[in-house]
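A closer look at the structure
The chain contents come next:
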Amino acid sequence: MEFRVMEVVSKGQEASFREELDVSELLQERKDIISAKPLAVALDVRPYEETAQVKGELKADLTMVCSRCLEPVEEHLAISIEERFALASMVKDPEADEDLIVVKEDKVDLQPYVEGTLLIYLPMAPLCSDDCKGLCPDCGTNLNEQSCGCSRDRIDPRFEALKKLLE
Ligand SMILES: [Zn+2]
Ligand SMILES: [Zn+2]
């Protein structure tokens, strides 16, 4: 997934990437991810106002763990990408354009950028459904499947002490 900024900007050379990127190793550390299908990368590189514009989409299919009940959740992510790359030597004031990615090397490898983008867009706390009831904090019963006998009107232990004083 490499291109040269100079060739895009000066020669108007375009590039297209359609790849299936294996991200299983990248996501290995994430304990809330059970499995991940290869990331579908569809990116096009074009010259745009003295920069190389990278535009397209990443599609990820993941099986994650519901943050409340710990059951598997299928997550389908479609991440739109629109970024511009420029060579440091060609940019007069790198601070002027916040959206610009300024690179020192002419040759840009999009893979680390793509991987970093995926990590940013991963759901922080996936849910199997918006109204997932989660697990009972006392007995661990999955409350989506059945209810348990545990008391639901638990009070913070500090308030429990206060309540006793007031009785
Ligand atoms: Zn759940
Ligand atoms: Zn319970």
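Quick note: structure is the one above.
Residues numbered from 1 in each chain as written. Chains lettered and ligands numbered in written order. Predicted model: local features only at pLDDT ≥ 70, side-chain atom pairs only at ≥ 80, totals over all residues.

What to know about the overall build of the protein
Within the protein, the regular secondary structure consists of 3 helices and 8 strands. Going from the N terminus to the C terminus, the protein shows its helices and strands as β-α-β-β-β-β-β-β-β-α-α. Here the C-alpha radius of gyration of the protein, 24 Å, is well above what a compact globule of 167 residues would show, namely 15 Å. Each principal axis of the C-alpha atoms in the protein carries an extent, and together these give about 80 × 35 × 25 Å. Residue pairs at least 24 apart in sequence account for 57% of intrachain contacts in the protein once pairs closer than 6 positions are excluded. (Helix = DSSP H or I, 4+ residues; strand = E, 2+ residues; numbered from the N terminus. Rg over C-alpha atoms; globule rule 2.2 N^0.38 Å. Contact = placed C-beta atoms within 7 Å.)

Quick look at the environment of Ala15
With respect to the secondary-structure elements, Ala15 resides in strand E2 (residues 15–21). With 118 residues separating them along the chain, Ala15 and Lys133 place their C-alpha atoms 48 Å apart. Excluding residues within four positions of it along the chain, Ala15 makes contact with Phe3 and Val45.

Some thoughts on the environment of Ala40
For Ala40, the location among the structural elements is in strand E4 (residues 39–48). Looking at Ala40, the number of C-beta atoms within 10 Å reads 15, which means it is partly exposed. Residues Ala40 and Gly12, spaced 28 residues apart in sequence, show a C-alpha to C-alpha distance of 26 Å. Excluding its chain neighbours within four sequence positions, the residues that come into contact with Ala40 are Glu20, Leu58 and Lys59. (Buried ≥ 20, exposed ≤ 12 C-beta atoms within 10 Å, placed from the backbone.)

Side note on unusual backbone geometry
One non-glycine residue, Glu50, lies in positive phi territory at about 65°. What makes Glu50 exposed here is the crowd of 12 C-beta atoms within 10 Å. A positive phi is found at Leu70, a non-glycine position, where the angle reads about 70°. We classify Leu70 as partly exposed; it has 14 C-beta atoms within 10 Å.

Comments concerning helix H2 (residues 110–121)
An α-helix turns once every 3.6 residues. As a result, residues three or four positions apart point the same way. When the terminal C-alpha atoms of H2 are compared, their 17 Å separation across 12 residues agrees well with the 16 Å that a helix rising 1.5 Å per residue should span. The complete set of buried residues in H2 reads Leu110, Val114 and Leu118. Taken down its axis, H2 places every buried residue within 75° of arc, on the same side. When the buried face of H2 is taken as reference, the exposed residues oriented beyond 90 degrees from it are Pro112, Gly116 and Ile120. Taken together, the buried residues of H2 touch E2, E4, strand E5 (51–65) and strand E8 (107–109). (Expected span 1.5 Å × (residues − 1). Arc of directions from axis to C-beta.)

Some details on the pairing of E4
Inspection of the sheet shows E2 paired to E4 by 7 bridges, in the antiparallel sense. Bridge pairing in E4 places Ala15 opposite Val45. Relative to E5, E4 runs antiparallel, the two sharing 9 bridges. Paired with Leu43 across the two strands is Gly56, which belongs to E5. (Pairing = 2+ DSSP bridges.)

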